[in-house]
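So you can see what is in the structure, the chains are spelled out below.
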Amino acid sequence: MAAAANLSLAPYHHHHHHHHSDTNHHLPLHFTTLLLLPTKKRFTISCNSAKRAAAPPPPPPPSAVAQDPKTPSLAEQLKPLSTTTLSDQPNETHLLSKPKSTWVNPTKPKPSVLSLQRHQRSASYSYNPQIKDLRQFAKKLNECTESDFSAVIQTIPHSPSRENALLVLNNLRPWQKALLFFNWLKSQDVFPMETIFYNVAMKSLRFGRQFQHIEELALEMVEKGIVLDNITYSTIITCAKRCNLFDKAVEWFERMYKTGLMPDEVTYSAVLDVYAKLGKVEEVMSLYERGRASGWKPDSIAFAVLAKMFGEAGDYDGIRYVLQEMKTLGLQPNLVVYNTLLEAMGKAGKPGLARSLFEEMVDSGIVPNEKTLTALVKIYGRARWARDALELWERMRLKGWPVDFILYNTLLSMCADLGLVDEAERLFDDMKASEKHKPDSWSYTAMLNIYGSGGSVDKAMDLFKEMSEKGVGLNVMGCTCLIQCLGRAKKIDDLVRVFQTATSAGVKTDDRLCGCLLSVVSYCKGEDSDKVLGCLELAKPELVEFVKLLSGEESNNFDFVKEEFKRILSNTAVEARRPFCNCLIDICRNRNCHERAHELLYLGTIYGLYPGLHTKTEEEWRLNVRSLSVGAAQTALEEWMGTLAKIVQRKENLPALFSANTGAGTHKFSQGLGGAFASHVEKLAAPFRESEEKAGFFIATREDLVSWVQSKAASSSSSSSAVSAV
DNA sequence: GGCGACGATA
């Protein structure tokens, strides 16, 4: 409960006071804050921010509102908002006192911002006794071919009156039919085409994602002088959004803006979503505040949009802002908003707050659905909170909360990530026993992941057989898990068989799978290595070529290797680049090409594959090898020792402490790194010792290191350097 | 007898 209170109380607080103009000092703190700060990580909440944020000063007099003689574009309007003042609570006189305000609709004599027009469904329709016939007719139109259309249209059971025509148009699903019918209506010329006909036709076109056609209709409306209303604009905008034509969506909103039409709540949230999907957080917040200032009361959908946006940005303060705003407006989050907020909390890295928000939701009487639980399971999994995840699962079963495939599979992959083998098996059996949710290829993948990373080759292969028996397709990830497992068990013939089965069944190989094959190559010899390279040859031939180049007899020059390596990396998915480099380094070391291994580590570093490999503070220099393979970590250690030796010899300043972080091996792939590192330290006789307090750390003091370098120089130096030293 | 002209979540 304490955490729940935490969530909603602290208001926004900003640190960036520059740009803070005098003109907006009267606005509530959160308002100006949001408009002024740079997009990324704008806010940090400090503990005392709640105390510092006093009650907002009163709004300015209406005359303080800036005016423009011409109608500027929306972009122009949104930008200067940060230095422009707007009233928080406008009223009618306020608006009428500035007739040129962009947001006043010139076609309407009495603009009412506060009561936005929303269509009243009941009012626009009355009961139509011919509905059955007309629906049947619409069905016939839907099902006929386009060439039969003109014949079928003649069989219309009743006269195409305005209401009848609307009813039919409304029931035409395929956009082609809607467009044909719409054009037919126009050719009949029995009544004038009103806005609603265009809107209904556009709905169908949007369903078919026909933005081109929608835009043509809209331009036709403009040309014929038919009024475009909020429904028209929001249909156009959401269609553009669905077609990923975000610039078009903005363009049409700007157009609407220029006509002076007031957006209603639907248009607001549609446009906010467009800006949010474009990553334009500043614009979203400007528009949000502008809307609020002109009397718009944001609803749950608008807040879901905002929450999603802040979640995507991992912006925790933004999430708090949403909660605060809802509270201010006296709006209780609904299920969707809670789900969005929960997911946002997860993305912002706040599992504890997500958990308390979830409890708050349940306490308020809202029953979680599949999406809620999926979001939460993901969060607990990522936080490695096995206990919370399993307790949640238990609670789901007890309460009979809804489950679906995604939730089941999310639970399974959570078990895979946390190494919960027994629980995963139980869950998998549950799925097999259930009627509705038999394990699918995702479920099998999660199980293959568990058995694969746990080294249970036989169980993994049993699953593989079971899949083909049950007709469940193997996907790339399952294939990768299986191959990794077979590789470690040195069952290379099985590996090749799995690879061939998968590819001939249509599995498209990806760079992760190639990285997995490459890692098998790195620890295989002779014939085995050739077999795996044979698989890799089919998936990524240039990589095999590069492996041959690395161990080739001909002495390749560095620049050539560099160019080839760069070419391969740029044709490789980002997430597979470091694994490639790690494996290639391992391959070099296993083939005694240590020089080349160092070159590859160097190249990997300059291509940004190992960010944070070295960190330096005043007191401590650290080598961070957690994301490196064994060979790469050894290479990095050698490199570091060489550099440190030079620094000692040059008598430059050194910190008191040196450390190497291998990680404690809790992650399934990093196991064994610590041990391998320890033995390499021993081989080099480097003065690092495993830390007793911090698992996964190797420590050396400055004194140890200096004396090691000096003794090494003394023992290994030739007589000439010994002479020069004298 | 009961008619979806506009917006949100994995």
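Throughout, a residue's number is its position along its own chain's written sequence, starting from 1. To label them, take the chains in the order written and letter them from A, then take the ligands in the order written and number them from 1. Totals for whole chains, interfaces and linings use every residue, but because this is a predicted model, local features are given only for residues with pLDDT of at least 70 and side-chain atom pairs only at 80 or more, for both listing and counting. Water and hydrogen atoms play no part in the side-chain values, which are based on all heavy atoms of the structure.

1. Concerning the overall build of chain A
(1) Moving on: Strands here are runs of E lasting at least two residues and helices are runs of H or I lasting at least four, both read from the DSSP assignment and numbered beginning at the N terminus. What chain A contains, in helices and strands, is 38 helices and five strands.
(2) Moving on: A buried classification covers 50% of the 726 residues belonging to chain A.
(3) Moving on: Residue pairs in contact within chain A that sit at least 24 positions apart in sequence constitute 69% of those at least 6 positions apart.
(4) Moving on: In these tables, accessible area is a Shrake-Rupley quantity obtained with a 1.4 Å probe, and a residue counts as shielded only by the protein chains included in the view. Element-wise, carbon and sulfur atoms account for 53% of the exposed surface of chain A, whose accessible area totals about 35,700 Å². Each residue gets one of three labels from its accessible area relative to the maximum for its type: buried under 20%, exposed over 50%, partly exposed in between, using a 1.4 Å probe on protein chains only. Whether two residues are in contact is decided by their heavy atoms, any of which lying within 4.5 Å being enough.

2. Some thoughts on the pattern of salt bridges
When the charged atoms of two side chains lie near each other, side chains of opposite charge can form a pair.
(1) Moving on: Definition used for salt bridges: Asp or Glu carboxyl oxygen within 4 Å of a side-chain nitrogen of Lys or Arg. Enumeration according to the criterion identifies 34 salt bridges in this entry.
(2) Moving on: Residue lysine 470 pairs with glutamate 466 through a salt bridge whose shortest N-O separation is 3.9 Å. Remark: glutamate 466 and lysine 470 occur in helix 26 (residues 457–470); sequence separation between them is four residues, near one turn of the helix.
(3) Moving on: Owing to a relative accessible area of 17%, glutamate 466 belongs among the buried residues under this scheme.
(4) Moving on: In this structure, a network of salt bridges that share partners links the residues Lys308, Glu312, Glu343 and Lys347.

3. So, the UniProt feature "repeat: PPR" (unreviewed entry) in chain A
(1) Moving on: UniProt positions are given in the numbering used here, feature names are shortened, and annotations may be inferred rather than shown by experiment. Using the residue numbers shown here, the UniProt feature "repeat: PPR" (unreviewed entry) corresponds to residues 229–263, 264–298, 299–333, 334–368, 369–403, 404–434 and 440–474.
(2) Moving on: Split by type, residues 404–434 is 87% helix and 0% strand. Its first and last C-alpha atoms lie 11 Å apart.
(3) Moving on: In residues 440–474, the share of helix is 80% and the share of strand is 0%. The end C-alpha atoms are 9 Å apart.

4. Some remarks on the packing of aromatic side chains
(1) Moving on: Two aromatic rings from Phe, Tyr or Trp, using only the six-membered ring of Trp, form a pair when their centres are within 6.5 Å; if the ring planes differ by under 30 degrees the pair is stacked, by over 60 it is edge-to-face, and anything between is tilted. With the rule as written, the count across this model stands at 18 aromatic pairs.
(2) Moving on: Consider the rings of phenylalanine 191 and phenylalanine 197, whose centres lie 5.2 Å apart with planes at 35°: the pair is tilted. This pair shows no difference in class: phenylalanine 191 is buried, exactly as phenylalanine 197 is.
(3) Moving on: Relative to phenylalanine 658, the ring of tryptophan 640 lies with its centre 6.2 Å away and its plane at 65°, an arrangement referred to as edge-to-face. Of this pair, tryptophan 640 sits in helix 35 (residues 630–649) while phenylalanine 658 sits in strand 3 (residues 657–661), placing them 18 residues apart in sequence.
(4) Moving on: By relative accessible area, which is 5% here, tryptophan 640 ends up buried.
(5) Moving on: Owing to a relative accessible area of 0%, phenylalanine 658 belongs among the buried residues under this scheme.
(6) Moving on: Grouping aromatic residues by their ring pairs yields a cluster made of Tyr268, Tyr288, Trp296, Phe303 and Tyr321.
(7) Moving on: A ring has a charge above it when a Lys NZ or an Arg CZ is no more than 6 Å from the ring centre and no more than 35 degrees off the ring normal. The ring of tryptophan 252 carries arginine 255 above its face, with NZ or CZ at 4.6 Å from the centroid.

5. Quick look at helix 20 (residues 351–363)
(1) Moving on: Expected helix span is given by 1.5 Å per residue-to-residue step, counting one fewer step than there are residues. With 13 residues, helix 20 extends 18 Å from end C-alpha to end C-alpha; this agrees with the ideal 18 Å at 1.5 Å per step.
(2) Moving on: Taken together, the buried positions of helix 20 are Pro351, Leu353, Ala354, Ser356, Leu357, Phe358, Met361 and Val362.

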